[in-house]
Amino acid sequence: MAGLRQRRARRQSVLRWVVVTLFGVLFLLPLFAMLEFTTRGAGGSLSFETWRVFFDWAALGETYPILWTGMKASFWLVLLSVALTLVLLVPTVVWVRLRLPRLRRLVEFVSLLPLTIPAIVLVVGLAPVYAWVVYFVGGSSVTLFFAYTILALPFAYRAIDAGLSAIDVRTLSEAARSLGAGWATVMWKVVLPNIRSAVLSAAFLTVALVLGEFTIASLLNRDNIQVAINQLGKSSATMSVAVSLAALVLAFALLFLLSFAGRRRHRERKTS
Amino acid sequence: MTAPSTGTLDQVTAPATPRGGRRRWWPRRDLLGVLPFFVFVTVFLLIPTLVVVIGAFGGDDGRPTLDNVAALADGYIVDAFVRSITLSAVTAVLGAALGALIGYAVVTAGPDSLVRRLVTSACGVLAQFGGVTLAFAFIATLGLSGFVTVFLRDSLGIDIFSGGVWLFDLPGLVLVYTYFQIPLMVIVFLPALDGIRPQWREATESLGGSTWYYWRHVAGPLLAPAFLGSTLLLFANAFSAYATAAALVSQGSPIVPLQIRSALTSEVLLGRENLGKAMALGMVVVVALVMWLYGLLQRRTSRWLD
């Protein structure tokens, strides 16, 4: 039996390496091609001109103003979308668990609804709503964070709901309340620290989603980093490929960090 | 996994719901806590959805009509739906098969291994972040002056575009969509693969079952609902995708999302402003159907593999 298991483990490890290497090469090929494409000089030589411009932010803003506005817009969009998603979702989900359990199915249904409504469909219906947004707060690209919060709801809801399921919110909050804490204190000092990694993971997912969003921004004629990359592709293919590569690498680093945050939560649950 | 906790919450709060008149205002004040959420969701999710649904059944003068929905039967719209569905189905099946293979290879490495962490992070990026950046990745790889194109032409004398530049048309979409469908499959299928217990295999072996027997009669049937469900999710993902196609396709609007774009942006279809809404409604119907089937399969999966 032990010999059988050992032989299987060896066979599985061979299979693992073959499959991971094969697909690793296939999936890294386009990324390598992007690197080659952006460092291609005249007559087949290496040239880092594109990357020199890319890291020289003052020159970048001057040479490619679209890119600069897009990056700035995306930066604010990330901040505001994460803030709104968390401020809207965390208290609501906690409150529903504590005081309004009957509404839980409804909140879950509404939060997961954007999964069945493609962004391309949502943008059709958002156009008249954004006419009002322009009327009240202006037509800045940053106002897109309302729509992005909707797009992020399903992912953020799942993360936060999973985090809350792992702790006993009710007992914790009753203990705090019986010791004289107000609801704000319960939220801020008792519940939040206990679901920190879930909140972090919701925030990371929102960041990745906002950085990658193109559909709504493009069709509502706003700027963000993806719209800028797409526009740049028409005039300067090399720079747009360089920004694409940088964006992919940044997103990878973000998610790789997240995988460590996820592990910590895993361990906490095991020991408790 | 969350079901038991809801049960206890309901039991605890049910008797607390007051019947007497004195405390009847309590639940109403509690509702204030969820007011911001529902107001926001109403304005930015429910109203847009209603705009699409009502608009699909309304003429340009605002009177109800079935013209827009009837126009979905027009040749070019039907073609776009058929192409969209074919593209989604082909890439979903390809992505599911290859993604499941990678998923299985990764899961044998153990939950905290570096391989798994690297693969899942990379998959997360490629599956969800994709869009425009992936289109440019493929232009740099297989475009007219792309790395692979140039390499094959100069070193091996192979011209991959001898039959026309297919990258910027439907075949190109199949390729790039598969490139982000495989990683998505890895992500959504891993939890099901994690649910498979090694003891089941050992039990099969100790009863004399072969590897083939194990996959055919134990693991296969257990994973089948999860596999089908994930395939449906991939289908919905490809069907909803817009950015890649918008950045890659240079001419015409072969698939539904691009048709919606041209309905939204062009002035050619004057007098048919709501046609885009009808097409959008058509998309919602397809995705909702697929997600409903997914929900059914999900329930079946969780019976064994949660």
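Rules used throughout
Residues numbered from 1 in each chain as written. Chains lettered and ligands numbered in written order. Predicted model: local features only at pLDDT ≥ 70, side-chain atom pairs only at ≥ 80, totals over all residues. Heavy atoms only, no water. Helix = DSSP H or I, 4+ residues; strand = E, 2+ residues; numbered from the N terminus. Rg over C-alpha atoms; globule rule 2.2 N^0.38 Å. Buried < 20%, exposed > 50% of the residue type's maximum accessible area, 1.4 Å probe, protein only. Lys, Arg positive; Asp, Glu negative; His and termini not counted. Charge placed at Lys NZ, Arg CZ, Asp CG, Glu CD. Contact = heavy atoms within 4.5 Å. Polar contact = N/O pair within 3.5 Å; in protein donor to acceptor, adjacent residues only side chain to side chain. Nonpolar A, V, L, I, M, F, W, Y, C, P; charged D, E, K, R; others polar. Core = buried A, V, L, I, M, F, W, Y, C linked by side-chain atoms within 4.5 Å. Domains from an automatic or database assignment. Expected span 1.5 Å × (residues − 1). Phe/Tyr/Trp six-rings, centres within 6.5 Å; stacked < 30°, edge-to-face > 60°. Salt bridge = Lys/Arg side-chain N within 4 Å of Asp/Glu carboxyl O. pLDDT = per-residue confidence, 0-100. UniProt positions renumbered as here; feature names shortened; annotations may be inferred. Buried area = accessible area lost by both parts, 1.4 Å probe.

A.B. asks: What am I meant to see in the overall build of chain A here?
C.D. replies: The number of helices and strands found in chain A is 13 helices and zero strands. Reading chain A from its N end, one meets helices and strands in the order α-α-α-α-α-α-α-α-α-α-α-α-α. Taken against the 2.2 N^0.38 rule, which gives 19 Å for 272 residues, the C-alpha radius of gyration of chain A at 23 Å runs more than 25% over that of a compact globule. Considering only C-alpha atoms, chain A reaches an extent of 75 × 75 × 35 Å along its principal axes. Counting all 272 residues of chain A, 51% fall into the buried class. Across chain A, 27 positive and 11 negative side-chain charges occur, with their mean positions spaced 15 Å apart.

A.B. asks: Quick question: what am I supposed to make of the overall build of chain B here?
C.D. replies: In terms of regular secondary structure, chain B is built from 14 helices and zero strands. For chain B, the α and β elements follow one another from N to C terminus as α-α-α-α-α-α-α-α-α-α-α-α-α-α. Of all intrachain contacts in chain B linking residues separated by at least 6 positions in sequence, the fraction that spans at least 24 positions is 72%.

A.B. asks: Where do I start with the interface of chain B and chain A in this structure?
C.D. replies: Many analyses report the size of an interface as the accessible area lost when the parts associate. Contacts between the two partners involve 82 residues from chain B, matched on the other side by 87 residues from chain A. Our count for the contact surface shared by chain B and chain A stands at three residue pairs in polar contact (both at pLDDT 80 or more). For the side of chain B that touches chain A, the leading source of residues is helix α3 (residues 35-56) of chain B, giving 14 residues. Broken down by class, the residue content of the side of chain B that touches chain A amounts to 56 nonpolar, 17 polar and nine charged.

A.B. asks: What am I meant to see in the nonpolar core here?
C.D. replies: Nonpolar side chains in soluble globular proteins generally cluster together in the buried interior. Formed by 185 residues in total, the largest nonpolar core has its most connected members in A:L67, A:Y148, A:L164, A:I216, A:M239, B:F37 and B:Y177. In terms of domain composition, this core takes at least three residues from each of domain 1 (2-38) and domain 2 (65-271) of chain A. The contact partners of A:I216, leaving out residues within four places of it in the chain, are A:A119, A:L122, A:V123, A:L126, A:L144, A:A147, A:Y148 and A:L151.

A.B. asks: I tried to follow helix α10 (residues 196-212) of chain A on my own but got confused; where do I start?
C.D. replies: Counting along an α-helix, one turn takes 3.6 residues, and residues three or four places apart therefore face a common direction. With 17 residues, α10(A) extends 24 Å between its outermost C-alpha atoms, agreeing within 8% with the 24 Å of an ideal straight helix rising 1.5 Å per residue. Taken across its 17 residues, α10(A) has 14 buried, putting it largely inside the fold.

A.B. asks: Could you clarify how one ought to interpret the packing of aromatic side chains in this entry?
C.D. replies: The way to describe two aromatic rings as a pair is by their centre distance and the angle between their planes. Residues and elements named next belong to chain B. Per the stated rule, a full pass over the model turns up 25 aromatic pairs over all chains. Taking 4.9 Å as the distance between ring centres and 80 degrees as the angle between the ring planes, the aromatic pair formed by F138 and Y179 counts as edge-to-face. Of this pair, F138 sits in helix α7 (residues 132-142) while Y179 is found in helix α9 (residues 170-195), placing the two residues 41 residues apart along the sequence. In this structure F138 comes out as buried when scored by relative accessible area, which is 5%. Residue Y179 is classed as buried on the basis of its relative accessible area of 7%. Their ring planes at 75 degrees and their centres at 5.8 Å tell us that F189 and F227 sit as a pair that is edge-to-face. A residue pair is termed long-range when its members are at least 10 positions apart, and F189 in helix α9 and F227 in helix α11 (residues 211-240) qualify at 38 residues.

A.B. asks: I would appreciate a short explanation of the side chain of A:R222 in the present structure.
C.D. replies: Residues and elements named next belong to chain A. Note on placement: R222 falls in the loop between α11 (215-219) and α12 (225-235). Although R222 lies buried, it forms no salt bridge, and the closest oppositely charged side chain, D223, sits 8.4 Å away as judged by the N-O distance. Separated by 3.1 Å, the side chain of R222 and the backbone oxygen of L220 make a polar contact. The contacts of R222, once residues within four sequence positions are left out, are Y130, V134, G139, S140, S141, T143, L144, A217 and V227.

A.B. asks: Would you explain the confidence of the model for chain A in this entry?
C.D. replies: It should be kept in mind that the predicted coordinates are not to be read in detail where pLDDT is low. A residue-level look at chain A finds 94% of positions with pLDDT of 70 or above and a mean pLDDT of 85. Across residues 265-272 of chain A, confidence stays below pLDDT 50; counting only partners more than four residues off in sequence or on other chains, it has four contacts.

A.B. asks: Sorry, what's going on with unusual backbone geometry here?
C.D. replies: Trans is the common state for peptide bonds, and a negative phi is the common state for residues other than glycine. Look at A:N221: it is not a glycine, yet its phi comes out positive at around 60 degrees. On the basis of relative accessibility, which here comes to 69%, the residue A:N221 falls in the exposed class.

A.B. asks: What exactly am I supposed to notice about the pattern of salt bridges here?
C.D. replies: Pairing is possible between side chains that carry opposite charge, provided their charged atoms lie close to one another. Taken as a whole, this structure holds eight salt bridges over all chains when the rule is applied. Residue A:R97 pairs with A:D161 through a salt bridge whose shortest N-O separation is 3.0 Å. Pair noted here: A:R97 is in helix α4 (residues 65-98) and A:D161 is in helix α7 (residues 145-165), with a separation of 64 residues, a long-range link. The pair A:R97 / A:D161 is uniform in exposure class, with both members buried. The partner of B:D154 in a salt bridge is B:R153, and the shortest N-O contact between them spans 3.4 Å. The partly exposed category is assigned to B:R153, whose relative accessible area is 42%. Salt bridges linked by common partners bring A:R97, A:R104 and A:D161 together as one network.

A.B. asks: Explain the UniProt feature "transmembrane region" (unreviewed entry) in chain B here, please?
C.D. replies: Within the UniProt annotation, "transmembrane region" (unreviewed entry) is assigned to residues 31-57, 85-107, 119-152, 172-193, 214-236 and 278-297 of chain B. For residues 119-152 of chain B, the end-to-end C-alpha separation is 29 Å, with 82% helix and 0% strand making up the annotated structure.

A.B. asks: What exactly am I supposed to notice about the UniProt feature "domain: ABC transmembrane type-1" (unreviewed entry) in chain A here?
C.D. replies: The positions that UniProt labels "domain: ABC transmembrane type-1" (unreviewed entry) are, in the present scheme, residues 71-258 of chain A. For residues 71-258 of chain A, the end-to-end C-alpha separation is 23 Å, with 82% helix and 0% strand making up the annotated structure.

A.B. asks: Honestly, the domain arrangement of chain A in this entry has me stumped. Any pointers?
C.D. replies: Residue and element names in this part refer to chain A. Parsing chain A into structural domains produces domain 1 (2-38) and domain 2 (65-271). Each of domain 1 and domain 2 has a C-alpha centre, and the two are 33 Å apart. On the domain 2 side, the residues contacting the five residues of domain 1 number seven residues. Interface area for domain 1 against domain 2, summed over the two sides, is near 530 Å², with a carbon-plus-sulfur share of 93%. Counting the contacts that link domain 1 with domain 2 gives zero salt bridges. Grouping the constituent residues of the side of domain 1 that touches domain 2 by class yields four nonpolar, one polar and no charged.

A.B. asks: Help me out: how do you make sense of the UniProt feature "transmembrane region" (unreviewed entry) in chain A in this one?
C.D. replies: Look at the UniProt record and you will see "transmembrane region" (unreviewed entry) annotated at residues 14-35, 73-94, 106-127, 133-157, 197-220 and 240-261 of chain A. The annotated region residues 73-94 of chain A carries 100% helix and 0% strand content, and the separation between its end C-alpha atoms amounts to 31 Å.

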